[in-house]
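Each chain, written out:
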Amino acid sequence: MFLKLRSTIICHNANELQQEQHAQEGNGNKNAAANDANVNDRVWLVHRGGFCAALRLPQTKAHLENHKVVIQLLHNSEEMTVDEDDIEKMNSPSLDLIEDICELKHLNEASLLHCLRQRYASNLIHTKAGPILIVVNPMAPLSLYSEKVVSMFRGCKTEDMPPHIYSLAQTAYRTMLETRRDQSLIFMGRSGSGKTTSFKHALYYLALAAGSYNNFLNADKVNSVNIILEAFGNTKTCLNSNATRLTQLLSLDFDQTGQIASASIQVLLPERQRAGRRLPNEHSFHIMTRLLAGACGSLQKELHLESIPSEDNHPFVSLPQKLEDRQRSAAEFMRTAQAFETLNIDPRAVRGIWSILASIYHLGLAGVTIVGSGPTARTQFANPSAARRAAALLGVSLEDLSGAAFNVNASGSSSPSKTLNDSPDLAWECLEALIIGLYSEALAAAIALINKAICTSAHTIASIILIDTPGFQNPASCGSQTGATLSDLKHNYLQERLQLLFHHNTLVAPRDRYAQELVEIDTEGMPETNPGPLVSLIDKAPQNHVVRSSQRDLREQDRRGLLWLLDEESIYPNANDDTFLERLFSHYGDREHQTLLRKCNGSKQFVLQHLQGTNPVLYMVNGWVRNSREHPAIRNAGSLLQDSSRDEISRLYIGSLTRSSGGIVFCGSFAGLEGTHSLRRVSSIRRSFTSAGVKRNSIMLQVKFTVDGIIDTLRRTGTHFVHCYLLQHNAGQQPTFSAGGSPNTSALQTSSDELVNIPLLRSQLRGSQVLEAARLHRFGFPESVPLNEFIRRFGLLAGESNKDVTVEQILSANELDPATYRIGPSQHQIFLGFAQTLPCSIRLQSDRKQNQIQLQLHLDIVAVLDPNLERMQHD
Ligand SMILES: Nc1ncnc2c1ncn2[C@@H]1O[C@H](COP(=O)(O)OP(=O)(O)OP(=O)(O)O)[C@@H](O)[C@H]1O
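Residues numbered from 1 in each chain as written. Predicted model: local features only at pLDDT ≥ 70, side-chain atom pairs only at ≥ 80, totals over all residues.

Side note on the pairing of strand β8 (residues 183–189)
Thought 1: Among the seven residues in β8, seven count as buried, and that is most of the element.
Thought 2: Covered by surrounding structure in β8 are Q183, L185, F187 and G189 together with S184, I186 and M188, the residues of both alternating faces.
Thought 3: Both β8 and strand β15 (residues 462–468) contribute to a ladder of four bridges, which runs parallel. Among the inter-strand pairings, Q183 is bridged to a residue of β15, identified as I464. (Buried ≥ 20, exposed ≤ 12 C-beta atoms within 10 Å, placed from the backbone. Helix = DSSP H or I, 4+ residues; strand = E, 2+ residues; numbered from the N terminus. Pairing = 2+ DSSP bridges.)

Structure follows, in structure tokens:
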């Protein structure tokens, strides 16, 4: 019954589309003066700056032979002869606002760009590409997200929902309930493209739609978690006024009834360097600025923040200059404090965190000085009274504080008896390292407190993991000439690895599966790019066991990734940035790698051709080797805080809170291990962290192993990808609006042609490989169903009763077109094609040798739900 109903509906839609198309074509013929041709002759002329509509004119034999095409531009009637490769077929205008680009008749780049632009002009920022969701940053608030909208998506099936971040979250939720398998929502894109915004909306949806046991995780609490994380992990950059600077894995763990029974957060790869040094035109983490602007009354007095100078010259904390910025920062601080209250976090613990952050401010005022010279030279605080205030806030003696910062020997271990710093630069480095350690510990404590508030011991069956990361960084895209930093490289490496995961899950794995099942698909005209080579250039591990049979093998064996080169250089006593660059070019400076790495005219620079060459980034190598090793003073911060005489601080670090799972939970690149359920189940991060711990002083290897752990964790889940795109380079700089804020009408009124930077959108599209994935989805067989499952679900449709039903009976009873399905030799799976072309696509292929039949069906399996599951969702 269901099968027929479903097929009728889809056929009806398909007919409608066809009729519309015919109508369009008919109008086109009648409207000869305007277009003078059939819709089918319309093409896009693709050029550097974008694409424009044109009419394909009758071709001569000579043109055809030379692969040339004569066209007439629609906007000015100019005729021109262009290369065949420069035109792409245009779709009927009736498909301009199509919800899923896989339904486009001509699935090409210009049509996809046109579709995204048209949809954006209609305030439709979400578009599907099969199972993938594309979201463009609207640069203005839209009323797309609210409790009312959540209720419209709640309980829906994928095919019944328009593209929306809520529909993707709903699909993940539904899949998790049906399969009991962990799911993940992965947000990808450039800095400022809207990942965090979509992440928050997805989280909000899941919290509201699924509900939680005893309402322990309601919308207010989810909002509070986000407020705290953004305060501690975000900052202002040239690409985004609220840029995320840490990777967040948030796990929602569901119980038998489909409700959230527990939740937890892990924070990985925080950009710690920012806490300890302000680069020109860069800002500190939001919370530092907000604390100084917002602490008032007894808290202000307790933290000694009464007289903050107005100049913005503090080495670690940026101070807002304008009154309105100060007021906004103060209001944000109140929101953060309120968020801790909403989560019922012990106010004394919160005061402990404020004290640590305030001590960072006072340590910046304390500064450093070197007294004496030669072997008797000693480093000390330049302003002892500021240092005393910091020590009092931390609950330690001035001597211990000074020792933690400055009594560090050159080999990297702490040595209380010896002071080695005899240059101001080295002395500042020590202080900066201590600050980084203190900030990291404050962040770890905040995460641990959040986890304590949202994590329960309830039994859970499966989880949805949401991952938000710092976006792809290319400072040149906002006009900055400074070049990208080592931190940018770390963020970009993670983006490359996520892209590689996307590439594997959406392009490689399906193809392998088709090959395995002997399901043929026409891949001609589907060019494919691969993020693998660049990832390998960055992280290829040294190979020790290659049999050297040729000069080429020899070179291959010696070649190791950039992260390993940096790690090795940071160990050699006389190594520096120049020697690192020399080695980098000796490994990758040959012709074979010039499409990945380029030398530059300037010294200490190189370019990496990121995301399949679509996003070249100029890196400026400045202090990279030095920053590749963890400074010992960073770890001194942890011991200092554990020994604090102030109860509210020491309790954060001793005993049950941050170290309950045994061992240190925060070692520079990792926080939140203590409070995780699903992430404990998926233990790859813990393992990778342990292995990274072997070389815990090596920051670069920590990055590599932590990213390995993240990818491994995601790989074990059912992945749902969200690709966020910028329509303008400065889209992330738009002021943020609250949900109820008034819309930026001027932005909305500007023509979409002016607002959409097509070359920018095109390079993101190419870099994200979404078109390639959509094509494979459309022409392949994306769904598969086990044969016996198919019979179980659709056996009734065979029209036979009291008998063992066969697949053939089901297929023939429903008169399914044999062209719409294939069956591979394996008896366990069936593969199903794309719905638009195959409304009821069952793909059959018999295996004569084994006399077996295997079936692949493109039906909506989800529609035939276990009634218990249905109930679970609505309870
Ligand atoms: N869906 C949306 N609706 C309204 N505004 C949005 C949306 N997405 C993004 N924005 C705007 O763009 C800004 C940047 O978005 P967001 O911080 O989410 O980007 P991001 O990709 O997470 O960047 P980063 O990688 O730097 O953290 C937001 O502050 C907001 O003003």
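A short note on the confidence of the model for the protein
Thought 1: The predicted model of the protein averages 81 in pLDDT, with 78% of residues at 70 or higher.
Thought 2: Note that residues 674–678 has pLDDT below 50 and, in this model, 25 contacts with residues that lie over four places away or in other chains.
Thought 3: As scored by the predictor, the complex reaches a pTM of 0.86 and an ipTM of 0.99. (pLDDT = per-residue confidence, 0-100. Contact = placed C-beta atoms within 7 Å.)

Details of the site of the ligand
Thought 1: Around the ligand, the structure places 24 residues, and the nearest of them are S191, G194, T196, T244 and G471.
Thought 2: Mapped by element, the contributors of at least two residues to the shell around the ligand are α6 (195–210) and β10 (243–244).
Thought 3: Of the residues forming the shell around the ligand, the biggest block, three residues, is contributed by α6.
Thought 4: Of the residues that constitute the shell around the ligand, the class distribution is eight nonpolar, 15 polar and one charged. (Near = placed C-beta within 6 Å. Nonpolar A, V, L, I, M, F, W, Y, C, P; charged D, E, K, R; others polar.)

Focus on unusual backbone geometry
Thought 1: Phi is positive for L269, close to 45 degrees, though the residue is something other than glycine.
Thought 2: Mapping L269 onto the fold places it in the loop between β12 (260–268) and α8 (273–276).
Thought 3: Accessibility expressed as a C-beta count within 10 Å gives 24 for L269, which makes it buried.
Thought 4: You will see that L518, though not glycine, has its phi angle at about 55 degrees, which is positive.
Thought 5: Position of L518 relative to the elements: it lies in the loop between α16 (486–516) and α17 (532–539).

Concerning the environment of N636
Thought 1: Topologically, N636 is positioned in helix α22 (residues 632–642).
Thought 2: Between the alpha carbons of N636 and L438 there is a distance of 8.9 Å; along the sequence they are 198 residues apart.

Considerations on the packing of helix α14 (residues 398–406) against helix α15 (residues 424–454)
The relative placement of two packed helices comes down to the angle between their axes together with the axis-to-axis distance.
Thought 1: As a packed pair, α14 and α15 sit with axes 8 Å apart at the nearest point and diverge in direction by 110 degrees. Taken together, α14 and α15 sit at an angle that is classed as roughly perpendicular. Counted together, A404, A405 and F406 of α14 and A427, C430, L431 and L434 of α15 form the full contact between these two elements. (Axes fitted to C-alpha atoms, helices over the stretch in contact; angles between N-to-C directions. Parallel < 35°, antiparallel > 145°, perpendicular 65-115°, else oblique.)

Describing the sheet that holds strand β5 (residues 87–89)
Thought 1: With antiparallel pairing, the five strands of this open sheet are ordered in space as β4-β3-β2-β1-β5. Among the strands making up the open sheet, the edge pair consists of β4 (79–83) and β5. Averaged over all adjacent pairs, the angle separating strand axes in this sheet is 50 degrees, with direction ignored.

Overview of helix α3 (residues 109–121)
Thought 1: For α3, built from 13 residues, the straight-helix expectation of 18 Å at 1.5 Å per residue is met to within 8% by its first-to-last C-alpha distance of 18 Å.
Thought 2: Along α3, the positions that sit buried rather than exposed are A110, S111, L112, L113, H114, C115, L116, R119 and Y120.
Thought 3: Downstream of α3 by one or two residues, N123 has phi in the positive range, about 60 degrees. (Expected span 1.5 Å × (residues − 1).)

Structural notes on the sheet that holds strand β16 (residues 597–599)
Thought 1: Judged by pairing direction, the sheet is antiparallel, and its three strands sit side by side in the order β16-β17-β18 without closing on themselves. Here the strands that pair on one side only, and so sit at the sheet edges, are β16 and β18 (615–620). Across the sheet, the mean angle separating the axes of adjacent strands is 25 degrees when strand polarity is ignored.
Thought 2: Relative to β18, strand β17 (residues 605–609) runs antiparallel, the two sharing five bridges. The residue of β18 that forms the bridge with F606 is Y619.

Quick look at the packing of helix α12 (residues 347–366) against helix α13 (residues 384–394)
Thought 1: Running from N to C, α12 and α13 cross one another at 165 degrees; their axes reach a closest spacing of 8 Å. As far as their axial angle goes, α13 and α12 are roughly antiparallel. Handedness of the α12/α13 crossing: left-handed. Every residue of α13 that contacts α12 at S355, I356, A358, S359, H362, L363, L365 and A366 is listed here: A386, A387, R389, A390, L393 and L394.
Thought 2: Considering only residue class, the contact of α12 with α13 consists of 10 nonpolar, three polar and one charged. (Left-handed = near helix turned anticlockwise from the far one by under 90°.)

Observations regarding the UniProt feature "binding site: ATP" (unreviewed entry) in the protein
Thought 1: Taking the numbering used here, the UniProt-annotated feature "binding site: ATP" (unreviewed entry) corresponds to G189, R190, S191, G192, S193, G194, K195 and T196.
Thought 2: Following the sequence through the fold, G189 ends up in strand β8.
Thought 3: For G189, the contacting residues outside a window of four places in its chain are K195, G471, F472, H723, C724 and Y725.
Thought 4: Along the chain, S193 turns up in the loop between β8 and α6.
Thought 5: Overall, S193 belongs to the buried group, with 26 C-beta atoms counted inside 10 Å.
Thought 6: S193 has contacts with N137, G471, C724, Y725 and L726, leaving out every residue within four places of it along the chain. (UniProt positions renumbered as here; feature names shortened; annotations may be inferred.)

Considering the environment of G258
Thought 1: Within the secondary structure, G258 sits in the loop between β11 (247–254) and β12.
Thought 2: Taking the number of C-beta atoms within 10 Å as the measure of exposure, G258 has 22 and is therefore buried.
Thought 3: Residues G258 and I461 lie 203 residues apart in sequence; the distance between their C-alpha atoms is 8.8 Å.

Let's talk about the pairing of strand β3 (residues 68–73)
Thought 1: Looking at chain direction, strand β2 (residues 50–56) and β3 are connected through three bridges and run antiparallel. When the bridges of β3 are listed, R56 appears paired with I71.
Thought 2: With five bridges connecting them, β3 and β4 associate as antiparallel partners. Bridge pairing in β4 places K68 opposite D83.
Thought 3: Linking β3 back to β4 in an antiparallel pair, the connection comprises five residues, with S77 at a positive phi of about 65 degrees.

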